[in-house]
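Topology and contacts: notes
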Amino acid sequence: MLKIKKLFITALFFVPHFFFGQYTDVINSNRPGETMSAYAVGKTVIQAELGIYGIKEKHDLLDYDASGFGTDFTLRYGAFLEQLEFVLDVQYQMENFDTPYTSYKKNDFRQTVLGAKYLIYDPYKNYKRENNIYSYKANHAFNWHELIPAVSIFAGANFVAADNPYYFSAQSAISPKVALVTQNLFGGGKWVFVTNIIADYIGTDYPSYGYILTLTHGFNEKWSGFIENQGYKSDFYSDAIVRGGAAYLLSTNMQVDASISTNFKNTPSVLYGGIGVSWRYDGWYKEKLTEVKNKEKADKNADNKKEVDYQEKERKRKSKYE
C-alpha cells in the first residue's frame with residue numbers, strides 16, 4: 001500500500017492537472033475536491049453533487065485493516081440574494097475492520113452539515129480591465145488585481161445521532177461549524193486557487209481546526225483537473241491528505257469526475273478513490289434573466305420611440321413657420 005501511495009504522490013506533481021473552475025454559463029461544482037468555492041450557485045439555482053468512493057485503511061499500532069465504501073451528497077440552493085446559498089452536506093460510510101482477534105463493522109453517517117455561505121467581497125464587481133491599444137506587453141503582463149481574492153464566510157451546524165461510531169461521544173449532538181473561504185482567479189480564470197480555513201465541532205470536547213488548499217486549472221472546454229492538500233487537527237484525530245483528480249463536462253449543467261486521495265502516516269494509512277456527478281437546474285434563473293432582458297429591450301425601444309416622436313414634432317413645428 002505504501003508503494004501505491006508513493007507512486008500516487010509522485011504522479012500528482014508530474015502529470016498535467018486540469019480543472020474547471022455567483023452564476024456561470026457552465027456548472028461550477030465543488031467536486032471532486034473538498035474545498036468550498038467562494039461564489040454561490042446563483043439565486044433560484046439548485047445544484048446537486050453526488051459521489052461514491054472506496055476506502056482502504058491500515059493501522060500499524062492498533063494492528064487492524066479496514067476496507068469499505070461510502071457516498072457523499074451535497075445540495076446547494078441560491079436564495080434571497082445572488083451572494084447567498086444554502087448547503088446540505090451528507091456523507092455515509094460503511095467499513096469492515098479486521099484484527100488478529102476479531103472482525104467488526106462501522107456503518108453510519110460520517111458527516112451531516114446544514115448551513116449557509118455568503119459572499120462578502122467580490123474583487124471583480126464593478127471592475128473591468130482596460131486594454132492598452134498601444135502596448136502588447138501591457139495587455140499580457142501579470143494582472144496584479146488577480147492577487148485580490150473573493151471572500152466568503154460559511155456558518156452551519158453538525159448534526160450527529162446517538163451511538164454514531166464515527167463520533168467521539170455516544171450522545172447525540174449539534175455543534176457549530178464555520179469557515180473562511182477565499183478564491184483567486186489567475187490567467188483570466190484558467191487557474192483557480194481556493195483556500196478554506198475551518199473550525200469544526202466548536203464547543204465540544206474535541207473541536208477540530210483545519211485547512212484545505214486547492215489549485216485548479218482548466219485544460220479546455222471539457223476537461224479539467226486539480227491538486228489539493230487538506231489538513232485538520234484535534235485531540236481526537238489529526239491528519240494531512242493529498243488529493244488529485246479530473247472532471248469532464250457533459251453539458252452546461254452536468255459534469256462527471258474522478259479523484260484519488262491518500263495521507264502521509266500509518267496510524268492509520270488511508271487510500272481512497274471515488275467517482276461522482278454534479279447537476280444543476282437553472283431554469284428559474286434563466287426565466288428571470290429573460291424577463292429582465294425583455295424589459296430592458298422594451299424600455300430601450302420606448303426611449304427610441306420617444307426620440308423619434310420628438311424629432312417629428314420638431315420638424316412639424318419648423319415647417320409651420322417656414
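Up top is the structure these notes are about.
Notes on the structure follow. Since this is a predicted model, take the numbers as computed values, not measurements. (Residues numbered from 1 in each chain as written. Predicted model: local features only at pLDDT ≥ 70, side-chain atom pairs only at ≥ 80, totals over all residues. Heavy atoms only, no water.)

Looking now at the overall build of the protein. On a plain count of helices and strands, the protein comes out with three helices and 12 strands. Taken over 322 residues, the protein has a buried fraction of 39%. Of the roughly 19,100 Å² of accessible surface on the protein, 61% is carried by carbon and sulfur atoms. (Helix = DSSP H or I, 4+ residues; strand = E, 2+ residues; numbered from the N terminus. Buried < 20%, exposed > 50% of the residue type's maximum accessible area, 1.4 Å probe, protein only. Areas by Shrake-Rupley, 256 points an atom, 1.4 Å probe, with all protein chains shown as cover.)

Take the sheet that holds strand β6 (residues 173–186) next. In spatial order, the strands read β1-β2-β3-β4-β5-β6-β7-β8-β9-β10-β11-β12; together these 12 strands close into a barrel with antiparallel pairing. Each neighbouring strand pair of the sheet contributes to a mean axis angle of 20°, computed without reference to strand direction. Judged from the 11 bridges that link them, strand β5 (residues 150–160) and β6 form a sheet pairing that is antiparallel. Bridge assignment links Val160 to a residue of β6, and that residue is Ala173. (Pairing = 2+ DSSP bridges. Axes fitted to C-alpha atoms, helices over the stretch in contact; angles between N-to-C directions.)

Attention now moves to the pattern of salt bridges. Overall, the coordinates contain nine salt bridges when judged by the stated rule. Linking Asp72 and Arg31 is a salt bridge whose minimum nitrogen-to-oxygen distance equals 2.9 Å. With Asp72 in strand β2 (residues 64–78) and Arg31 in the loop between α1 (2–12) and β1 (46–59), this residue pair connects regions lying 41 residues apart in the sequence. Looking at Asp72, the relative accessible area reads 18%, which means it is buried. For Glu85, the salt bridge goes to Lys117, with nearest N and O atoms at 3.4 Å. One end of the pair, Glu85, is in strand β3 (residues 84–98); the other, Lys117, is in strand β4 (residues 103–121), with 32 residues separating them in the sequence. (Salt bridge = Lys/Arg side-chain N within 4 Å of Asp/Glu carboxyl O.)

The tally for this structure, following the rule as stated, stands at 15 aromatic pairs. Aromatic pair Tyr281 and Trp284: ring centres 5.2 Å apart, planes at 85°, arrangement edge-to-face. On the basis of relative accessibility, which here comes to 33%, the residue Tyr281 falls in the partly exposed class. A network of ring pairs unites the aromatic residues Tyr167, Phe168, Tyr201, Tyr206 and Phe236 as a single cluster. (Phe/Tyr/Trp six-rings, centres within 6.5 Å; stacked < 30°, edge-to-face > 60°.)

Below, the discussion takes up the pairing of β6. Note: β6 against strand β7 (residues 191–200), nine bridges, orientation antiparallel. Paired with Asn184 across the two strands is Phe193, which belongs to β7.

The amide bond that connects Arg31 to the next residue, Pro32, takes the cis arrangement and shows omega of 0°. Looking at where Pro32 falls in the secondary structure, it is placed in the loop between α1 and β1. A cis amide bond links Thr267 with the next residue in sequence, Pro268, at an omega value of 0°. Topologically, Pro268 is positioned in the loop between β11 (254–263) and β12 (269–281). In this model, Phe80 sits at a positive phi of 70°, which is unusual for a non-glycine residue. Secondary-structure assignment places Phe80 in the loop between β2 and β3. Relative accessible area serves as the criterion here: at 63%, Phe80 is assigned to the exposed category.

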